[in-house]
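# Observations on chain architecture
For reference, the chains in residue letters:
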Amino acid sequence: MGVTDTVMQSYGRCCAKADFFDDFYQHFLASSPKVREKFVNTDMVGQKRLLRQGILNLVMYARGMPDTKLKALGQTHNRHGFDIGPELYDIWLHSLLSTIKKHDQQYSPEIADAWKDVLIKGINVIKAHY
Ligand code: HEM
C-alpha cells in the first residue's frame, strides 16, 4: 500500500469521529496566541467544514492531482491575505498529527510518517506563495 492510501484510510477513520475537527482546532488554537489572533472573527463551525476539504486537497495533490487548489490556498493565506507566516504551518502540522494520534485507533509511527510525507508536499506549495 502506498503512503497516500495509508493516509486516506487513516483520514477516513479520523473523519468518522464526530469530534476530530473540534479537537484539532482546540489543539491548534491553544498552541499559540499568534494562531488565536488569526481566528478571532471566524465562524469556527464553517471553518471545520472547510478544513475537512482542505486536508483532502493536500492528500489529492500528493496523489498526483494538479496544484490548482493549493495555489489558491497559497493566495488567500499569503502576506496580502490572512498573512499566515510560514512558521505557523509547523504548528498546524504538529497540531494535526497530535489529533490524528488521538483519533486513529490504528495510529503507528509508519502512519505518522506517511501523513508527514503527504502533508509537507502540499504545505510547501502553499508556503511558496507567502
Ligand atoms: C481559511 C485551509 C493553514 C489560518 C482557510 C480555508 C481553508 C484553509 C480551506 C477557507 C478557504 C479560504 O479562505 O482560502 C488550510 C490548510 C492549511 C491551512 C489546508 C494547511 C496546510 C493555516 C494556518 C493558519 C490558517 C497555518 C494560521 C493560523 C486561516 C485563516 C483563515 C483560513 C485565518 C480565514 C478564516 C476566516 O474566514 O475568518 N484555511 N489552512 N490556515 N485559514 Fe487556513
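Treat the numbers as computed from the prediction; the structure is a model and nothing was measured. (Residues numbered from 1 in each chain as written. Predicted model: local features only at pLDDT ≥ 70, side-chain atom pairs only at ≥ 80, totals over all residues. Heavy atoms only, no water.)

End to end, helix α1 (residues 3-15) covers 18 Å across 13 residues, agreeing with the expected 18 Å (1.5 Å per residue, within 8%). Looking at α1, one finds that the buried residues are Thr4, Thr6, Val7, Ser10, Tyr11, Arg13, Cys14 and Cys15. Buried positions along α1 lie against α2 (20-31), α4 (44-62), α6 (87-103) and α7 (109-127). (Helix = DSSP H or I, 4+ residues; strand = E, 2+ residues; numbered from the N terminus. Expected span 1.5 Å × (residues − 1). Buried < 20%, exposed > 50% of the residue type's maximum accessible area, 1.4 Å probe, protein only. Contact = heavy atoms within 4.5 Å.)

Moving on: the packing of aromatic side chains. Within this structure, the stated rule accounts for 8 aromatic pairs. The interplanar angle of 85 degrees and the centroid separation of 5.0 Å between the aromatic rings of Phe20 and Phe21 together place this pair among those described as edge-to-face. Classification of Phe21 as buried rests on a relative accessible area of 5%. With centroids separated by 5.3 Å and ring planes inclined at 25 degrees, the aromatic side chains of Phe24 and Phe28 adopt a geometry described as stacked. With a gap of 4 residues between them, Phe24 and Phe28 both fall in helix α2, about one helical turn apart. Grouped by ring-pair contacts, the aromatic residues Phe24, Tyr25, Phe28, Phe39 and Trp92 constitute a single cluster. (Phe/Tyr/Trp six-rings, centres within 6.5 Å; stacked < 30°, edge-to-face > 60°.)

Now for the coordination of the iron atom of the ligand. Reference values for coordination geometry: four tetrahedral donors around a metal ideally subtend 109.5 degrees, six octahedral donors ideally subtend 90 or 180 degrees. The protein gives the iron atom of the ligand a lone donor atom, His77 (NE2), placed 2.1 Å from the metal. Residue position: His77 is located in helix α5 (residues 68-77). (Donors = N, O, S within 2.8 Å, 3.2 Å for Na, K, Ca; no water.)

With respect to spatial proximity, 18 residues lie near the ligand, and among them Phe39, Thr42, Thr76, His77 and Trp92 are the closest. Side-chain polar atom of Thr76 to an oxygen atom of the ligand: 2.8 Å apart, as the coordinates give it. His77 places a side-chain nitrogen or oxygen 2.9 Å from a nitrogen atom of the ligand. At the level of elements, α4, α5, α6 and α7 are the ones that each hand at least two residues to the shell around the ligand. Counting residues per element, the shell around the ligand draws most heavily on α4, at 4 residues. In terms of residue class, the shell around the ligand is made up of 12 nonpolar, 5 polar and 1 charged. (Near = heavy atom within 4 Å. Polar contact = N/O pair within 3.5 Å; in protein donor to acceptor, adjacent residues only side chain to side chain. Nonpolar A, V, L, I, M, F, W, Y, C, P; charged D, E, K, R; others polar.)

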